[in-house]
Amino acid sequence: MTLSVTDHPVSVIGGAVTDAQTAAIRVENDHAARNYSPLPVVIAHGEGAWLTDIDGRRYLDCLAAYSAVNFGHSNPTLVATAKKQLDALTLTSRAFHNDQLGPFVTALAEYAGKDMVLPMNTGAEAVESAIKLARAWGYRVKGVAADQANIIVMGGNFHGRTVTIVSFSDDEDARADFGPFTPGFRTVAYGDAEALAAAIDENTVAVLVEPIQGEAGILIPPASYLPAVRELCTENNVLLIADEIQSGLGRTGTRFACDLVGVTADLYLLGKALGGGIVPVSAVVGNRDILGVLQPGQHGSTFGGNPLAAAVGAATIGLLIDGCLTDRARMLGDRLADRLHALRGRGVLEVRCVGLWAGIDIDPGLASGRTVCEMLMERGVLAKDTHGSTIRLAPPIVIEQGDLDWAVDQLEEVLAQLSA
Ligand SMILES: *Cc1c(COP(=O)(O)O)cnc(C)c1O
C-alpha cells in the first residue's frame, strides 16, 4: 500500500541522535512550554506508516499520533480533499451556513447509526460538550433538581486536559496544582459493574466510560462489563457516554470499541482519527432526544463545524464506510497479537491486544518503557510508553504486514539485547 522497509537500505532506518537533531530540539525547547517529553527525534516528513527525520532517516510510526493518523500520513484521499477545500473555503463560523457541514454530519450520523452530530474540534471539547449535554438533559428531560446532577466516571480514566476533565482524573500529574476542581463527578473502579450500580442515584445523569482505556495502557474490561453498564444505564434512565476518541473509527477492528461487545451508547465521543491527521475534528454523536436539548446560544465553538474540518471529516467517514480498513485493523491485529504473545516471559510480563492496538507491559526489572522506546527509535521504530513500563503500539492501519512484523522483530531484538 505504501513504502515498506524493504524499499530502503537499512542504513537510513533509525539511528542515534545527531547534532542536527540536538540543535533542532534546543530551538524548540527554548520557547515551547515543556508540557511533553518527546523522544529525541525531529520529524520532517510522513507518508503512510513511515516518517522521515530532518537527517533523512526513516522510522516506522507505531503510535500514529495516538490514533489520530489511523489512515496514514499524507493519506492521498484526505490530502486531496483538504487541498481542494483550502482553495474553496476554510472558515465562516457558524454565524452562517457552509456547504460542507451538512454532508459531514449526515455521513457521520449515518455511520454511527444516530441522528444528530454536534461538531467540535478537539477531543477534550467533545468530552466537555457531552458533560454539558448530559447535565442539560438531566435537568430538562430527566427532571433532576437544579445543580444536583452527577456523572459517574471510571478509575484510571483519560478524557483530556481541561480543568473540568482533570477534576475527575485520578492521575496526580494531571491534577496537581490545577484546582479548585469542578464538582459533580463520582469515580468507580473500571470494569466493576457492581460498583457502578451502587454509585447510581436519582441524580445520576450519565456514565462516562472509555470502552477500552487507551492512555491507561490498553485496558480491556471483561466482555460482560459494557453490556452490564448498558443495562444499568437503561434501567436507571442514565445516559451511557462512550468516549471513543482513541478507540473509535477502526482502531479496534470494529467501527467503535462498543461494537466488540454489541453495546450501543447514547452518546459517542469521537475525535483524533476523525480529522484524518490533518485538522482537529471532534464530535458528539447521538439522537435528537439528547442533542436536541441544546438551543441557540447555549453552546458553541468558532471553529467547530468549519468547512475545512467538515470536508476532511466527511472524507474520513468515506474511507471507513466500506469496512475494509476496519477489517484490515482486525487482520493485522490478529497477527500482531500472535507475535506479541510469544514475547511473554522474554522481558514482557503481559500483552493486551484489540484490533491493531496493543499494550505491552515490559518487565520493570529489565528496563523502563522509555528506555525500550529510545532503543526502538534507534532501530527505526517509533512507539510511546505509558505509565512507566507499558508500551503502546498503534500504527496507522494502512501499515504493511511486513513492516509490522519488522517492528515486532525490532522489539524482540531490543528485549534480547536488554536481557543479555
Ligand atoms: C486523546 C483523548 C482525549 C482528548 O483528546 P484531545 O484532542 O487531546 O483533547 C479524550 N479521550 C480519550 C479517550 C483520548 O484518547
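This one's a predicted model, so the numbers in the text were calculated from it and none came from an experiment.

A. Region of the structure containing the overall build of the protein. Regarding its fold elements, the protein presents 14 helices and 15 strands. The C-alpha radius of gyration computed for the protein amounts to 22 Å, which stays within 12% of the reference 22 Å derived for 420 residues, consistent with globular compactness. For the protein, the spread of C-alpha atoms along the three principal axes comes to 65 × 50 × 45 Å. Looking at the protein as a whole, 55% of its 420 residues qualify as buried. Looking at the protein alone, contacts between residues at least 24 apart form 74% of all its contacts between residues at least 6 apart. Counting only carbon and sulfur atoms, one obtains 53% of the accessible surface of the protein, whose full area is about 17600 Å².

B. The packing of aromatic side chains, seen in detail. Using the criterion set out here, one finds 5 aromatic pairs in the structure. Each ring, one from Trp50 and one from Trp406, has its centre 5.8 Å from the other, and the planes form 35°; the classification is tilted. Linking Trp50 in strand E2 (residues 50–53) with Trp406 in helix H14 (residues 401–419), this pair joins segments that are 356 residues apart in sequence. By the burial criterion, Trp50 is buried, and Trp406 matches it. Lying across the ring of Phe181, Arg175 places its NZ or CZ 4.2 Å from the centre.

C. Structural context of unusual backbone geometry. Following Gly179, the chain continues to Pro180 via a peptide bond in cis, the omega torsion being 0°. For Pro180, the location among the structural elements is in the loop between helix H7 (172–175) and strand E6 (185–188). With phi around 55°, Tyr66 is a residue other than glycine that occupies positive phi space. In this fold, Tyr66 is placed in helix H2 (residues 64–67). The exposure class assigned to Tyr66 is partly exposed, which follows from its relative accessible area of 24%. Even without being a glycine, Ser67 presents a positive backbone phi close to 80°. Note that Ser67 resides in helix H2. You can call Ser67 buried: its relative accessible area is 1%.

D. Expanded view of the side chain of Asp405. Secondary-structure assignment places Asp405 in helix H14. Once residues lying within four places of it in the same chain are set aside, the contact partners of Asp405 are Arg335 and Arg339.

E. Looking closely at the site of the ligand. Within the structure, the ligand sits among Thr122, Gly123, Ala124, Phe158, His159, Gly160, Glu210, Asp243, Ile245, Gln246 and Lys272. Here a nitrogen atom of the ligand sits 2.7 Å away from a polar atom, N or O, in the side chain of Asp243. Interatomic distance of 2.6 Å between a side-chain N/O atom of Lys272 and an oxygen atom of the ligand.

F. Layout of the packing of helix H4 (residues 101–112) against helix H11 (residues 307–320). Interaxial distance between H4 and H11 falls to 8 Å at its minimum, and their mutual angle equals 35°. Judged by the sense of rotation from one axis to the other, the crossing of H4 with H11 is left-handed. The residues of H11 that touch H4, namely those facing Leu101, Phe104, Ala107, Leu108 and Tyr111, are Ala310, Gly313, Ala314, Ile317 and Leu320. Among the residues forming the contact of H4 with H11, the class breakdown is 9 nonpolar, 1 polar and no charged.

G. Seen up close, the pattern of salt bridges. Considering all chains together, one arrives at 16 salt bridges under this definition. A salt bridge links Arg230 to Asp266, with the shortest nitrogen-to-oxygen separation between them at 3.1 Å. Here Arg230, found in helix H9 (residues 225–235), pairs with Asp266, found in the loop between strand E8 (239–243) and strand E9 (267–270); they are 36 residues apart in sequence, far enough to count as distant. Like Asp266, Arg230 is buried. The salt bridge partner of Glu412 is Arg346, with a shortest N-O separation of 3.0 Å.

H. Focus on the environment of Leu336. Note on placement: Leu336 falls in helix H12 (residues 324–341). C-alpha of Leu336 to C-alpha of Gly305: the two residues are 31 residues apart in sequence and 36 Å apart in space. If we ignore the near neighbours within four places in the chain, the residues touching Leu336 are Leu356, Ala358, Leu393, Leu404 and Val408.

I. Here's a closer look at the pairing of strand E10 (residues 282–286). In terms of residue burial, E10 counts as a mostly covered element, since 5 of its 5 residues are buried. Side chains Ser282, Val284 and Gly286 project from E10 onto one buried face, and the interleaved Ala283 and Val285 project onto a second face that is buried too. The pairing of strand E4 (residues 116–120) with E10 spans 5 bridges and is antiparallel. Each bridged residue has a counterpart across the sheet, and for Pro119 the counterpart in E10 is Ala283. Pairing analysis gives 4 bridges linking E9 to E10, with the strands arranged antiparallel. Bridging across to E10, Tyr268 finds its partner in Val285.

J. Seen up close, the nonpolar core. Core analysis: the largest hydrophobic core is formed by 93 residues, its most contacted members being Leu108, Leu196, Leu249, Leu274, Leu340, Ile360 and Leu393. Counting residues per element, this core draws most heavily on H11, at 8 residues. Counting contributing residues per domain, this core is built from domain 1 (19–61 + 324–419) and domain 2 (76–320), each supplying no fewer than three. Leave out the neighbours within four places in its chain, and Leu393 touches Cys62, Leu336, Leu340, Leu356, Trp357, Ala358, Ile360 and Ala383. Residues Met120, Ile131, Val144 and Ile290 belong to the second largest nonpolar core, which totals 30 residues.

K. Region of the structure containing the environment of Ala130. Position of Ala130 among the secondary structure elements: in helix H5 (residues 123–142). Residue classification places Ala130 among the buried positions, given a relative accessible area of 1%. Sequence separation between Ala130 and Asp243 is 113 residues, and the spatial gap between their C-alpha atoms is 9.7 Å. If sequence neighbours within four positions are ignored, Ala130 has contacts with Ile241, Leu267, Leu269 and Val284.

Calculation rules
Residues numbered from 1 in each chain as written. Predicted model: local features only at pLDDT ≥ 70, side-chain atom pairs only at ≥ 80, totals over all residues. Heavy atoms only, no water. Helix = DSSP H or I, 4+ residues; strand = E, 2+ residues; numbered from the N terminus. Rg over C-alpha atoms; globule rule 2.2 N^0.38 Å. Buried < 20%, exposed > 50% of the residue type's maximum accessible area, 1.4 Å probe, protein only. Contact = heavy atoms within 4.5 Å. Areas by Shrake-Rupley, 256 points an atom, 1.4 Å probe, with all protein chains shown as cover. Phe/Tyr/Trp six-rings, centres within 6.5 Å; stacked < 30°, edge-to-face > 60°. Lys NZ or Arg CZ within 6 Å of the ring centre and 35° of its normal. Near = heavy atom within 4 Å. Polar contact = N/O pair within 3.5 Å; in protein donor to acceptor, adjacent residues only side chain to side chain. Axes fitted to C-alpha atoms, helices over the stretch in contact; angles between N-to-C directions. Left-handed = near helix turned anticlockwise from the far one by under 90°. Nonpolar A, V, L, I, M, F, W, Y, C, P; charged D, E, K, R; others polar. Salt bridge = Lys/Arg side-chain N within 4 Å of Asp/Glu carboxyl O. Pairing = 2+ DSSP bridges. Core = buried A, V, L, I, M, F, W, Y, C linked by side-chain atoms within 4.5 Å. Domains from an automatic or database assignment.

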